[in-house]
Amino acid sequence: MKLLDKILVPIQVSEPANNQLTLAMELAKKFGSRLLLLHVLPTEARSQKVKEILSRYVDKDFEKVITEVKEQHLEAEKHIAYGNIFEQIISAAERESANLILIPNNFHIVENHQTIDYLAEKLIRKSEKPVWVVQEATQGTPKTILCPVDYSEASRRALINAIKIARIFQSKLYVVNVFEPLDELYSIRYSVDYEEENKELERENSDSFAAFLETFSFVDVEYECLILRGKPHQKIIDFATEKKVDVLFMGATGKTFFQRLLLGSVTELVIRDLPCSVVVTKSENILNLKMEKDISDIERLLANAKKLEAAGFYDDSIEQLKTCLTVNDLHLPAIYSLVQLYRKTGNEEMAVTYQQKADEIVKRLWDKNVELEIRKGLKLD
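Residues numbered from 1 in each chain as written. Predicted model: local features only at pLDDT ≥ 70, side-chain atom pairs only at ≥ 80, totals over all residues. Heavy atoms only, no water.

### Quick look at the pairing of strand β4 (residues 100-104)
Here is step 1 of the chain: The buried fraction of β4 amounts to 5 of the 5 residues, a majority that puts the element mostly inside the structure.
Here is step 2 of the chain: In β4, alternate side chains face the same way, and those of Leu100, Leu102 and Pro104 on one face and Ile101 and Ile103 on the other are all buried.
Here is step 3 of the chain: Summarising the sheet, β4 and strand β5 (residues 131-134) pair through 4 bridges and their orientation is parallel. Each residue of the ladder has a partner; that of Leu102, found in β5, is Trp132. (Buried < 20%, exposed > 50% of the residue type's maximum accessible area, 1.4 Å probe, protein only. Helix = DSSP H or I, 4+ residues; strand = E, 2+ residues; numbered from the N terminus. Pairing = 2+ DSSP bridges.)

Here is the structure:
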C-alpha cells in the first residue's frame, strides 16, 4: 500500500538544492515513495559531440546525488531530458505518473536565467499534478501549515490535502479565511451605509466559513480556524510571517481570493514574498491510495489499516479491517480497531455492533477456556 508513490524532483545535479532533496527524502521515507530525479539539459546537448562531453560531467554529479539518496535506503531513478525545462517537467510528471512535483524556490532555468517565480507560475497554470515549491530556509517536514480558503472547490481540495499532511506529520494547521470589506468605491450620488453593509457581509461570511468547515474531519489534527479582515494577499503573508508557517497550501483556481492570487503578476508577488514553502493543487491530490492486489495476509491488512487511519483515509481503513474479518471473522485486533474507528468517525451504531461482536467472541473464548480447565480437572481426578 502506498499513499505517495512517485515524487518528481527536478534538480541541477552540479548544484542540488539541499532543502529540496532533504524534504524529498523525508517524504520518501514516510510514504515509501520512489524519487524520480530529473536533470534537464539544453536542446543543443543532444548533438553527439556535446552529449559525450556533458555526459561525463553530468553522470559524475548525478552519481553523487543518487548515492546520497540510496544511502538513506530509498529508491531513486535517474532521468535526463533535453529541451525546455518547463515542458520536460510537465512531460516527465505525466509520463511517469508522478504524485507530486517538488521544486526549490531558487531553481534557475539555465537557458534564460528565469527564477522560480516564473517557473512556478507556469507549472501552477499547466500542471495537473500538485506542485510543492520548497523555500531555501525550510527545515525538513512542516511543523506548521497554513491553508487559506474561500469556499471554492479549489480551496476545498487544498484543505483536504493540508489536513492529511498535517495529520501524518502531526503539524499545527491554520485554516483562515480573509474577509475583505467593501470600500467606498461607488459614486457619492448613492447613499450607502458601508459600515452596516460590511457588518451584514461579515456575518454572512462567518456563517459560510462555519458551514464550509463542517464538511471536513479534523480528527487527530491540531488546528485553528480564523477569519482575518483586510486585503487577502497582504493578510496571508503577514499571518504566515507572524506564525512562522512552514508551508502554505493553495488551490489553483477560485472564485475570489485564489482567482486573483494565482493569475497574472500577483502570483509572482505572492511566491516571492511568502516567507514559507508553497503547495499548489489543481485537479489531483498529493496522496492517492494505491493498494496491492491479492492481499490475504492479516498482518499486512492490519498494517495497511493503521497507515490509512493515520493519513485520514478512514473509510479505506475500515475496508481493510473488514477484509481481515473475511480471512478470520474472530480476529479481535481487527474488531477492536473497527470499534475505535467507528467511534472516531461518529458512527456509534456500528461501534456498538462491533463491540458486541467482540464481547461475544471474548465470552466464547472464556467459556471454552473454562471448559478446557474443567476437563483437565476431571481427567486429573
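Having seen the model, we can carry on.
### Some points on the sheet that holds β4
Here is step 1 of the chain: On the basis of which strands lie adjacent, the open sheet formed by 10 strands has the order β3-β2-β1-β4-β5-β10-β9-β6-β7-β8 and mixed pairing. Edge positions in the sheet fall to β3 (75-82) and β8 (222-229), since each of these pairs with one other strand and no more. On average, each strand axis in the sheet is tilted by 20° relative to the strand beside it, whichever way the strands run.
Here is step 2 of the chain: Relative to β4, strand β1 (residues 6-10) runs parallel, the two sharing 2 bridges. Across the sheet, residue Ile7 finds its bridge partner in β4, namely Leu100. (Axes fitted to C-alpha atoms, helices over the stretch in contact; angles between N-to-C directions.)

### Some points on the confidence of the model for the chain
Here is step 1 of the chain: With 81% of its residues at a pLDDT of 70 or more, the chain shows a mean pLDDT of 81.
Here is step 2 of the chain: Contacts from residues 109-115, a stretch scored under 50 in pLDDT, to residues over four places away or in other chains number 14 contacts.
Here is step 3 of the chain: Confidence drops under a pLDDT of 50 for residues 254-267, and excluding neighbours within four residues, the segment shows 39 contacts in the predicted structure. (pLDDT = per-residue confidence, 0-100. Contact = heavy atoms within 4.5 Å.)

### A few points about the environment of Ile286
Here is step 1 of the chain: As for its placement among the helices and strands, Ile286 is situated in the loop between β10 (277-281) and α10 (298-311).
Here is step 2 of the chain: With relative accessibility at 1%, the residue Ile286 sits in the buried group.
Here is step 3 of the chain: Measuring from C-alpha to C-alpha, the distance between Ile286 and Lys164 comes to 9.3 Å, with 122 residues separating the pair along the chain.
Here is step 4 of the chain: Beyond its immediate stretch of four places on either side in the chain, Ile286 contacts Leu3, Leu4, Asn99, Leu100, Pro130, Asn161, Phe249, Val279 and Thr281.

### Regarding helix α12 (residues 332-344)
Here is step 1 of the chain: A rise of 1.5 Å per residue sets the reference length of α12, with its 13 residues, at 18 Å; its end C-alpha atoms lie 18 Å apart and thus fit the reference within 8%.
Here is step 2 of the chain: Gly346 lies just past α12 and shows a positive phi near 85°. (Expected span 1.5 Å × (residues − 1).)

### With respect to unusual backbone geometry
Here is step 1 of the chain: With a phi close to 75°, Tyr151 is a non-glycine residue in the positive phi region.
Here is step 2 of the chain: Among the secondary structure elements, Tyr151 is positioned in the loop between β6 (144-148) and α5 (153-169).
Here is step 3 of the chain: The residue Lys244 is not glycine, and still its phi comes out positive at about 55°.
Here is step 4 of the chain: The exposed category is assigned to Lys244, whose relative accessible area is 68%.

### Quick notes on helix α7 (residues 232-242)
Here is step 1 of the chain: All of the buried residues along α7 are Pro232, His233, Ile236, Ile237, Phe239 and Ala240. Axial view of α7: buried residues confined to an arc of 165°, hence all on one face.
Here is step 2 of the chain: The positive-phi residue at the C-terminal boundary of α7 is Lys244, with phi of around 55°. (Arc of directions from axis to C-beta.)

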